[in-house]
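Descriptive structure summary
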Amino acid sequence: MVGTEPLLRIDGLTVAFPGETAVRDLSLAVEAGQTVAIVGESGSGKSMTALALMRLLPRSARITGGSARFAGRDLMALDEGAMRRVRGREIAMIFQEPMTSLNPVHTIGAQVAEVLRLHEGLGRAAARKRAIELLDLVRIADPARRVDDYPHQLSGGMRQRVMIAIAVACGPKLLIADEPTTALDVTIQAQVLDLLDRLRRDLSMGLLLITHDLGIVGQWADRVVVMYAGRKVEEGPPGALLEAPLHPYTAGLLGASPRKAEGLGYREARLAEIPGSISSARGEAGCAFAPRCRHAIASCRAAPPPPLVAHADGRMVACPVLAGSGAPS
Amino acid sequence: MTTVPAPRPRRWRVLRAFLRNPAGVVSLSFLILVAALALGAPHLYPDDPMEMVARPFLWPGQNPAFPLGTDSLGRDVAAGLVWGTRVSLLVGFSAMILGVTLGLAIGAVAGYFGGRVDAALVKLIEIFQTPPSFVLLIVLVAIAQPAIPTVIGAIALVTWPTIARIVRSEFRSLREKDFVMAARGLGYGHARIILSEILPNALPPVIVTASVLVATAILMESALSFLGLGDPNLVSWGSMIGGGRELLRTAWYLSAIPGFAIVLTVLALNLLGDALNDALNPRVAAER
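Since this is a predicted model, take the numbers as computed values, not measurements. (Residues numbered from 1 in each chain as written. Chains lettered and ligands numbered in written order. Predicted model: local features only at pLDDT ≥ 70, side-chain atom pairs only at ≥ 80, totals over all residues. Heavy atoms only, no water.)

**Looking at the overall build of chain B**
Along the backbone of chain B there are eleven helices and zero strands. The order of α-helices and β-strands along chain B, N terminus first, is α-α-α-α-α-α-α-α-α-α-α. C-alpha atoms of chain B, sized along the principal axes, occupy 75 × 55 × 30 Å. In chain B, which comprises 288 residues, the share counted as buried stands at 46%. Carbon and sulfur atoms form 67% of the exposed surface of chain B, whose accessible area is close to 14400 Å². (Helix = DSSP H or I, 4+ residues; strand = E, 2+ residues; numbered from the N terminus. Buried < 20%, exposed > 50% of the residue type's maximum accessible area, 1.4 Å probe, protein only. Areas by Shrake-Rupley, 256 points an atom, 1.4 Å probe, with all protein chains shown as cover.)

**Structural notes on the interface of chain A and chain B**
Interface extent is often summarised as the accessible area lost during association of the parts. Between chain A and chain B, the residue contacts involve 31 residues of the former and 26 residues of the latter. Counting each side, the surface lost to burial between chain A and chain B is near 2400 Å², with a carbon and sulfur contribution of 53%. Taken together, the connections running from chain A to chain B amount to one salt bridge. With a closest N to O distance of 3.1 Å, R192 of chain B and E114 of chain A form a salt bridge. Of all the secondary-structure elements, those providing two or more residues to the side of chain A that touches chain B are α1 (46–54), α3 (108–119), α5 (143–146) and α6 (156–168) of chain A. For the side of chain A that touches chain B, the leading source of residues is α3 of chain A, giving five residues. The residue makeup of the side of chain A that touches chain B, split by class, is 14 nonpolar, nine polar and eight charged. (Contact = heavy atoms within 4.5 Å. Buried area = accessible area lost by both parts, 1.4 Å probe. Salt bridge = Lys/Arg side-chain N within 4 Å of Asp/Glu carboxyl O. Nonpolar A, V, L, I, M, F, W, Y, C, P; charged D, E, K, R; others polar.)

**Quick word on helix α6 (residues 148–174) of chain B**
The terminal C-alpha atoms of α6 of chain B, which comprises 27 residues, lie 37 Å apart, in line with the 39 Å expected from a rise of 1.5 Å per residue. The sharpest bend along α6 of chain B reaches about 40 degrees and sits at T159 of chain B, with the proline P161 of chain B one to four residues further on. (Expected span 1.5 Å × (residues − 1). Bend = angle between axes of the 7 residues up to and from the residue.)

**Looking at the environment of M96 of chain B**
Residue and element names in this part refer to chain B. If you trace the backbone, M96 turns up in helix α3 (residues 77–113). Residue M96 is classed as buried on the basis of its relative accessible area, which comes to 14%. Sequence-wise, M96 and V208 are 112 residues apart; in three dimensions their C-alpha atoms are separated by 12 Å. Those residues in contact with M96, other than ones at most four positions away along the chain, are A210, L213 and V214.

**Here we look at the sheet that holds strand β4 (residues 62–70) of chain A**
Hydrogen bonding along the main chain pairs the strands of a sheet, whether they run parallel or antiparallel. Residue and element names in this part refer to chain A. Reading across the sheet, the four strands line up as β2-β1-β4-β5 and stay open at both edges, with antiparallel pairing between neighbours. At either margin of the open sheet sits one strand with a lone partner, and together these are β2 (20–30) and β5 (73–74). Note that strand β1 (residues 8–17) and β2 share seven bridges and pair antiparallel. Pairing of A16 across the sheet is with T21, part of β2. Sitting on the sheet, α1 touches β1, β2 and β4, and the angle it makes with β1 is about 110 degrees. (Pairing = 2+ DSSP bridges. Axes fitted to C-alpha atoms, helices over the stretch in contact; angles between N-to-C directions.)

**Concerning the pairing of strand β9 (residues 223–228) of chain A**
All names here are of chain A. In terms of residue burial, β9 counts as a mostly covered element, since six of its six residues are buried. Here β9 shows no split at all, with R223, V225 and M227 on one side and V224, V226 and Y228 on the other all buried. The pairing of β9 with strand β10 (residues 231–236) spans five bridges and is classified as antiparallel. Bridge pairing links Y228 to R231 in β10. Here β9 folds back onto β10 in antiparallel fashion, the turn holding two residues, of which A229 has a positive phi close to 50 degrees.

**Quick word on the sheet that holds strand β6 (residues 91–94) of chain A**
Residue and element names in this part refer to chain A. What the eight strands build is an open sheet, ordered β6-β7-β8-β3-β9-β10-β12-β11; its pairing is mixed. Only two strands of the sheet have a single neighbouring strand rather than two, namely β6 and β11 (309–310). Each of β3 (35–39), β9 and β10 touches helix α10 (residues 248–255); the most contacted strand, β9, lies at about 100 degrees to it.

Below is the structure:
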C-alpha cells in the first residue's frame, strides 16, 4: 500500500473550543478495507476527531488547522453543500446511542428508505424494497415484517443494526463508528462488531472505530491509535501494541482492562487504575500525561511536548522516557 | 426475541387512548353535530336569517314554527343561531389554521437555527405579545374593513405568537436530540430535518393548543361582533348577543341562547384539547 494515496489521510488536525483545544495536531491514515481504531478515555478528543471529519462539530468548536484528504479532496475545505453530499453517501457515521439515534415517529423502513431516496434518488417502492434487503443484510430476522416497526418496538441491539443498515445504505467508502457498542450488552457487542467487520470486508469500506475498550481493539482493528488529551500518544498494529505498550498511558489503559494474566483468572487479577483524571492535562506545557505518569521525569513537564518517534514494526510513540526501553514495568 | 407479538402501530394507540376518554368523545361528537348544523344551514333555513319573518318578541316555544322565538325585529332566532354557527366555525378554524401555520413557520425557524435569527424572531414575537391581544385585535379590525377575512386575519395575527413560542421551545430541545445529529450525519439539509425529522415530534403540544385556539378565536369573533366590529352583513353569535343586550331585562333569551351556544362550543373545544393532550402524551395514556 506504500506509495498510493490512502482512503483517508488526516494531517495535523487541530480542533479548538474557546479556551480549550480538543484535538491537537492529529495525523492518521485509513486504507480502504482497513479498520483503524482510535482509543482513549472520555475527553481524549476521539469523538471530536470523528465529528470534525464529518464537519458536524458543535457551533463553538473551530477547526483551526490541518487537513483531511478523502478520496482526492480535502474535507476541511469543502463547502457545506458539497459536504452534505459526502455525508451519508461517501462517509457514514454510527453513533453511540442506538436507543435515541432513530427518529421515534418514523418506521425503521421509512428511515432506511429516506436516505436512499435522498442520495440514490430511488422512488418510494424501490427504496422500500432496498430497505428490506438492507435490513436483511444486517441480519434482522423477518425484515419484510420488521420494516414497518417503530424504533420503540426494537431492542437496543436491533436498533443499532438498523443504524448500521442506514449507514451502509448508500455504500459509503468510509464508515465512522463512534462507540458503536458501548450502550449494548456484551453478547450483543460481539454480534454488532462482527457485523461491522463483515460489512467492511464485503463492501471494502474503511472503518474508523472509536472506542475506549481495548478488548475490542485487539480482535477487530488492523491499526490502533491511542489518544490522550487531544494528542496521538501511540500508534501501531494491535498485536504488538497490546503485547508491549510503549507509552505509559497505553500501559495504564491495558492495566485497567479486565483480562486473564499469568495464571490468574478475571476474578483474581488485580485491576490497576491510572491515578488522577484527564482534566489535569489542561494547561500542561509538556507531556499532557505527565501529571498522572509514574515514569515522568523533569523534562516531561517542559515545553514543547514530546514528539512522536517512529519505532520498529511501524509503531510510533510520543514518550521520551520509555522510547526504546520496551514496556514499563 | 423469538415470538414477538404482533406489532401495534402507534397511530392506533393514540386513537384508542382518545376513545377511552368519555369527555373527549362527547366533545368531539358535539362538535361534529355543530359542524353538521353549520354545513346544513342552507337546507334547514334556506331564507336569509336577517329577514323579518314573524311578530317580534315571540318567546321560545310560543310558536312551534319558531322554536327559539323571534327577536325585536321579528327575525327567527333559530335561523340566526344556525347561520351564526357557520360564521363562528369558519372564523374559528380559519384563524387557527392561519395562526398555526404562521406560528409553526416562525417558531420552527427560530428554535432550529437559534443565534441571531432566534433573537430577532423572539423580539418580533414579543412585539405582538406586549399589547393586550384584544386591544390589538380591535385596532387591527378598526383599521381594515369589518369583513370576515379581515377578522380572520386579525385573530390569526394576535394568536400566532402562542404557537410560535411552543414550537420554538420544542425545536430548541429536539434539535439537540441524537436522531437530529444522526440525520445531519446522513447529509440531510435543514429543510428536510425541520419538516421531516423534528416537526412530527413537535406536533403533539401544537395540536392540543390548536383546539384551544379555535375556542379562543370563536370567543374573539363573538366579542368583536358584540361590539359591532364584526361583519355587518352576517349574523353571528356575538352580534346576536349584542343585539339582545338592550333587551336583557325583557327578553333575556335573545342573549342567553347564542351565549349558551358559545359556552357549549368553547367548552367542547377545551375538553377536546384536554383529551388530545392525554391521548398524545404516552405517559398519561399509559396510566389509564
